[in-house]
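Here is what each chain is made of, one letter per residue.
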Amino acid sequence: MLRLIHTADWHLGQSFHGQERHEEHRAFLRWLLDTLVERDADALLVAGDIFDVVNPSLRAQELLFDFIVGAHERLPRLDIVLIAGNHDSGNRIELPAPLMQRLRTHARGRVRWLDDGRLDAERLLVPLTDAAGETRAWCLALPFLRPAEVTGQMTANETGNTEEAPNDYVAGINRVHRELIDAARERHGDGQALVAMSHAHLHGAAVSEASERPIVIGGEESISAALFPDDIAYVALGHLHRAQQVGDERIRYSGSPLPLDFSELNYAHQVVEAILDGERLAGVESLPVPRPVAMHRLGPAPLDAVLAELEALELDADLPRERWPWLELRVELEAPMPDLRARVDAALEGKPLRLLRLERRLPQVAAEHAPERVDLETLGPRRLFERTWQGRWGKPPDDDILADFDRLRQDVLDAGEEDSA
C-alpha cells in the first residue's frame, strides 16, 4: 500500500487586491505538514502553480523551503514531487533541485529533448517508495508545457494528424504524454503503479469565475482526459481551482487550498489522499483544508441592505489583525454617491474586517452612446483587447487575431520568466 497526498495551486506570494497573504499560506502549510504526519503519507504531489508569479518574493520562497525542510525533519522517508505550473518559472523551480533532492524532493520545471528528437522521459519519472524504501509507484512528473517547448519538436506526420488535435500545440502536448507514458510502462515493474501529475485544463472541467489565467495558446483551452489511459492508477492535476474529478474517480483536480478570489468563496477547498494497492487505486478521500482567514462577500444589494448584512456578521474582536476576515462589498446604486466610501468606512469603524474591494453597480444608462463602466481588474487583458478591437473596427476579432494576441501575451510572460531566472 502507498499513501499519496495530492495538492496544487498554492500560489505562494499572491497579492490579494494589493494585500499579502503570507500568514494564510503559512497556516495552510503547517496544517498540511501535520496532515502528512497524521496520515503517515509516503508521498506528496504538488501539481504546479506553487508560486503566484514567475519572480516570487523572498518571503514566498522561504515558505516553500521551510516547508520542505520541516517535512523532511518530521517524515524522513517522505517523497515530495513538485512541478511548475503556468504561473511558475520552470527555471526557478529547478534551480535548487540538486539541494532539494537531498531532502527527497524532486522538482521538475521544464521538459527536455534528446539529440535524436525524443523526449527526455527518464528525468520526468520519479520513483515513489514506501516506508521500507521499496519502489511502489512511478510518478510521471509533467510540468506545464509551453508552446515553444513542444511545437518545435513536431514532425510533419504528427502536425498533419488533424483528427487527433486541432493545432500543433495540442498535438505536441499529446506527443509528450504518449512518449512519457510509453517510457513509464517500460520502466515500472510488477506491482508498481503509475501515477501521472500534470498542470493542464481538461475537457469538461469547471473553471473559476475570475481567478484562472488561460494557459493554452491559440484559442484551444483544454485537452482530453483520454491522454491518461486506464493503466494510470491516479492522475493528479493542477491549474483549476475548483476541486473535482474529470470523468472517473482516478482523474482529479485537488483544487487550490485557499480561495484565490471572492468568486471561490464557497468552494470546498481540500487536498486529496489517494491510496494505491499494487498497480491499482484502492481509495480516494478528500481532506478539507481549514480556512485560516474568513472571507465575506456581501451584496449585490442597495447600500442599506449591504450595511445591514455587515452589521449581522459574527466577528471575533480578539483576532490579531493578520487574521481579520477579508471583505468585498457589492453595492447597487440608483445614481452616483460621492460619499459612498465615507459611509462604508464609518460602518466598518471598530470592526475586525479588512475591506479589499468596494464594487459600485450603477443602473444601465439608456442613452445609445453612453460610455460603459469598465472594471479593468476583473475584465482581464484578453477581454479588454476584444472590446478595444470591437470599438475600433466595429466587429469582434477573429480566431487568428485572438491567437496572435494570446501568443504575444505568452511571449511577454515567458520573457519575464527568463529575466527572473
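Here, every reference points to the structure presented above.
Residues numbered from 1 in each chain as written. Predicted model: local features only at pLDDT ≥ 70, side-chain atom pairs only at ≥ 80, totals over all residues. Heavy atoms only, no water.

## Quick word on the pairing of strand β15 (residues 295–302)
- Sheet topology note: the β15/strand β16 (residues 326–332) ladder contains six bridges and is parallel. Of the residues in β16, the one forming a bridge with histidine 296 is leucine 327.
- A crossover connection joins β15 to the parallel β16 through helix α8 (residues 303–312); in handedness this β-α-β unit is right-handed. (Pairing = 2+ DSSP bridges. Helix = DSSP H or I, 4+ residues; strand = E, 2+ residues; numbered from the N terminus. Right-handed = clockwise from strand over helix to strand, strands pointing away.)

## Points about the sheet that holds β16
- The strand order across the open sheet built from three strands is β15-β16-β17, with neighbouring strands paired in parallel fashion. Here the strands that pair on one side only, and so sit at the sheet edges, are β15 and β17 (354–361). Ignoring strand direction, the axes of neighbouring strands in this sheet form an average angle of 10 degrees.
- As paired elements, β16 and β17 share seven bridges and run parallel to each other. The residue bridging glutamate 332 from the neighbouring strand is arginine 361, located in β17. (Axes fitted to C-alpha atoms, helices over the stretch in contact; angles between N-to-C directions.)

## Section: helix α1 (residues 22–39)
- With 18 residues, α1 ought to run about 26 Å at 1.5 Å a step, and its terminal C-alpha atoms sit 25 Å apart, in line with that.
- The complete set of buried residues in α1 reads His22, Glu24, His25, Ala27, Phe28, Leu29, Trp31, Leu32, Leu33, Thr35 and Leu36.
- Count one or two residues on from α1 and you reach aspartate 40, which has phi positive near 50 degrees. (Expected span 1.5 Å × (residues − 1). Buried < 20%, exposed > 50% of the residue type's maximum accessible area, 1.4 Å probe, protein only.)

## Overview of the environment of aspartate 88
- Relative to the elements of secondary structure, aspartate 88 occurs in the loop between β5 (79–83) and α3 (90–94).
- Relative accessible area serves as the criterion here: at 0%, aspartate 88 is assigned to the buried category.
- Reaching out from aspartate 88, the side chain makes a polar contact with the backbone nitrogen of isoleucine 50 at a distance of 3.0 Å.
- Within polar-contact distance, the side chain of aspartate 88 engages the backbone nitrogen of phenylalanine 51 at 2.8 Å. (Polar contact = N/O pair within 3.5 Å; in protein donor to acceptor, adjacent residues only side chain to side chain.)

## Re the packing of α8 against helix α9 (residues 340–348)
- Closest axis-to-axis distance for the α8/α9 pair is 11 Å, and the angle between their directions is 20 degrees. The orientation of α8 relative to α9 falls into the category roughly parallel. When you trace α8 past α9, the crossing you get is right-handed. Of the residues in α9, those touching α8 at Leu303, Asp304, Leu307, Leu310 and Glu311 are Leu340, Arg343, Val344, Ala347 and Leu348.
- Split into classes, the residues belonging to the contact of α8 with α9 amount to seven nonpolar, no polar and three charged. (Parallel < 35°, antiparallel > 145°, perpendicular 65-115°, else oblique. Left-handed = near helix turned anticlockwise from the far one by under 90°. Contact = heavy atoms within 4.5 Å. Nonpolar A, V, L, I, M, F, W, Y, C, P; charged D, E, K, R; others polar.)

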